[in-house]
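Breakdown of the fold
Each chain is listed here by its residues.
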Amino acid sequence: MSTTFSASVSMQATSLATTTRISFQKPVLVSNHGRTNLSFNLHRTRLSISCAAKQETVEKVSEIVKKQLSLKDDQQVVAETKFVDLGADSLDTVEIVMGLEEEFGIQMAEEKAQKIATVEQAAELIEELMQAKK
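Residues numbered from 1 in each chain as written. Predicted model: local features only at pLDDT ≥ 70, side-chain atom pairs only at ≥ 80, totals over all residues. Heavy atoms only, no water.

Within the chain one finds four helices and six strands. Helices and strands in the chain line up, N terminus first, as β-β-β-β-β-β-α-α-α-α. Restricting to contacts in the chain with at least 6 residues of sequence separation, those with at least 24 account for 45%. (Helix = DSSP H or I, 4+ residues; strand = E, 2+ residues; numbered from the N terminus. Contact = heavy atoms within 4.5 Å.)

Structure (structure tokens):
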């Protein structure tokens, strides 16, 4: 489903008890590609839209990342955490992907796996692959 918003049009997204209102000043195309859990972040001059992965998937990915990188238990790893910010190099990222594949019983295509830079990106790809398995 795609929706276009333009010139001072407000969009209201309602999710259970919360309501978020966003006003666009320029034409914008929003597509949720069949997802029901969209998150919107409005920064000074740019809008970022992401399909948030389930919290339980993000937490599981975070734990695997901490294990693969031998991080301390008190080290905070959240959805927005970049692997590079945790000191991961390309070999570490490959090991993280292998750990995720083993834990979730999935196989990631190399070109998609190479694009993973954050915990949330990994969690979203995992959910996408698990959905495709069904």
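After presenting the structure, the write-up continues.
Over its 15 residues, helix α4 (residues 119-133) runs 21 Å from end to end, which matches the ideal 21 Å to within 8%, given 1.5 Å per residue. Turning to α4, its buried residues number three or more, namely V119, E120, A122, A123, E124, L125, I126, E127 and L129. (Expected span 1.5 Å × (residues − 1). Buried < 20%, exposed > 50% of the residue type's maximum accessible area, 1.4 Å probe, protein only.)

Time to look at a negative patch on the surface. Together, E56, E59, E63, D73 and D74 line one region of the surface with negative charge. Mapped onto the elements of the fold, E59 is located in helix α1 (residues 55-68). Its relative accessible area of 45% is what places E59 among the partly exposed residues. (Patch = residues over 30% accessible without salt bridge, like charges linked within 9 Å, V, L, I, M, F, W, Y side chains within 5 Å. Areas by Shrake-Rupley, 256 points an atom, 1.4 Å probe, with all protein chains shown as cover. Salt bridge = Lys/Arg side-chain N within 4 Å of Asp/Glu carboxyl O. Lys, Arg positive; Asp, Glu negative; His and termini not counted. Charge placed at Lys NZ, Arg CZ, Asp CG, Glu CD.)

Taken together, the side chains of L91, V94 and M98 make up a nonpolar region of the molecular surface, amounting to roughly 290 Å² of accessible area. By the secondary structure assignment, V94 is in helix α2 (residues 90-104).

When pLDDT is averaged along the chain, the result is 76, and 62% of the positions lie at 70 or above. For residues 1-20, every residue scores under 50 in pLDDT, and the model assigns this stretch 43 contacts once sequence neighbours within four places are set aside. Within the model, pLDDT remains below 50 along residues 31-36, and this stretch shows nine contacts once partners closer than five positions in the same chain are excluded. (pLDDT = per-residue confidence, 0-100.)

Before going further, it helps to examine the nonpolar core. Among the nonpolar cores identified, the biggest contains 26 residues, and V61, F83, L100 and M108 are the most heavily contacted of them. For this core, the secondary structure elements donating two or more residues are α1, α2 and α4. Those residues in contact with L100 that lie beyond four places of it in its chain are V61, I64, G105, I106, M108, A122 and I126. (Core = buried A, V, L, I, M, F, W, Y, C linked by side-chain atoms within 4.5 Å.)

Once the charged atoms of two side chains with opposite charge are near each other, the side chains can pair. Per the stated rule, a full pass over the model turns up two salt bridges. Where E103 meets K60, a salt bridge forms, and the shortest distance between an N and an O atom there is 3.5 Å. Residue E103 is found in helix α2, and its partner K60 is found in helix α1; the two are separated by 43 residues along the sequence.

What follows concerns the side chain of D92. With respect to the helices and strands, D92 occurs in helix α2. Buried charged residue D92 carries no salt bridge. Nearest counter-charge: K67, at 14 Å. Residues contacting D92, with those up to four places away along its chain left out, are L69 and G87.

Moving on to the environment of M130. Among the structural elements, M130 can be located in helix α4. Counting along the chain gives 26 residues from M130 to F104, while the straight-line C-alpha distance between them is 8.1 Å. Residues in contact with M130, not counting those within four places in the same chain, are F104 and I106.

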